[in-house]
Amino acid sequence: MATGLLAALYAVVLGTAFAASRVRPLSTPFRGRWPWATTIAMIIVGLPTLAQFTVAPSLLESLERNWTLIARGQVWRLITSLVVQDGAPAGAIFNLVALAVIG
């Protein structure tokens, strides 16, 4: 399948998930609570991403998921790989927007 088609299908899935999250029963009042978990996740992912693309371009190499290094004992890479972006700035922006929308 073409990359553009896959991206479009992914956008449709995210849009559908967002729309589904907005549906609520009529008997349930809207509470309007702040999404703290989403805010914390955005900070945890956003700050290293910002550093990676501005002042520390080697951050990806230092924190990425590298199975050879993990097998040698650097198990921490399983967690740190979640906060660096390997899809260039466009991929990072898309991932952060998707995190905000779904969260």
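Up top you'll find the structure we're talking about.
Here's a quick rundown of the structure. Each chain has its residues counted from 1, following the order in which its sequence is written. Local features in this predicted model are restricted to residues whose pLDDT is 70 or higher, and side-chain atom pairs enter the listing and the counts only when it is 80 or higher, whereas totals over whole chains, interfaces and linings include all residues. Values reported for side chains reflect all heavy atoms of the structure, with hydrogen atoms and water molecules removed beforehand.

Any two packed helices are characterised by how steeply their axes cross, that is the angle between the axes, and by the distance between the axes. Convention adopted: a line fitted to C-alpha atoms gives each axis, helices being fitted over their contacting stretch, and angles between N-to-C directions are expressed from 0 to 180 degrees. Helix and strand labels come from DSSP, where a helix needs a run of H or I of at least four residues and a strand needs a run of E of at least two; each type is numbered from the N terminus. In contact at an axis separation of 10 Å, helix H2 (residues 36-54) and helix H6 (residues 88-102) are set at 170° when each is read in the N-to-C sense. Judged on the interaxial angle alone, H6 and H2 are roughly antiparallel. Residues Thr38, Ala41, Met42, Val45, Gly46, Thr49 and Phe53 of H2 pack against Ala88, Pro89, Ala92, Leu96, Leu99 and Ala100 of H6. All amino acids are sorted into three groups, where Ala, Val, Leu, Ile, Met, Phe, Trp, Tyr, Cys and Pro are nonpolar, Asp, Glu, Lys and Arg are charged, and the leftover types, Gly among them, are polar. The residue makeup of the contact of H2 with H6, split by class, is 10 nonpolar, three polar and no charged. Between 65 and 115 degrees an angle is taken as roughly perpendicular, under 35 as roughly parallel, over 145 as roughly antiparallel, and anywhere else as oblique. We call two residues in contact when some of their heavy atoms are within 4.5 Å.

The next thing to look at is the side chain of Gln85. Topologically, Gln85 is positioned in the loop between helix H5 (77-80) and H6. A relative accessible area of 7% means that Gln85 is categorised as buried. Within polar-contact distance, the side chain of Gln85 engages the side chain of Asn95 at 2.7 Å. If near-sequence neighbours (up to four positions away) are discounted, Gln85 is found in contact with Val45, Thr49, Gln52, Phe53, Leu60, Gly91, Ala92 and Asn95. Burial here depends on accessible area, computed with a 1.4 Å probe over protein chains only, as a share of the maximum for the residue type. Under 20% is buried, over 50% is exposed, and the range in between is partly exposed. Under this definition, polar contacts are N or O atom pairs within 3.5 Å; protein pairs additionally need one hydrogen-donor-capable and one acceptor-capable atom, and for neighbouring residues in sequence, both atoms have to be side-chain atoms.

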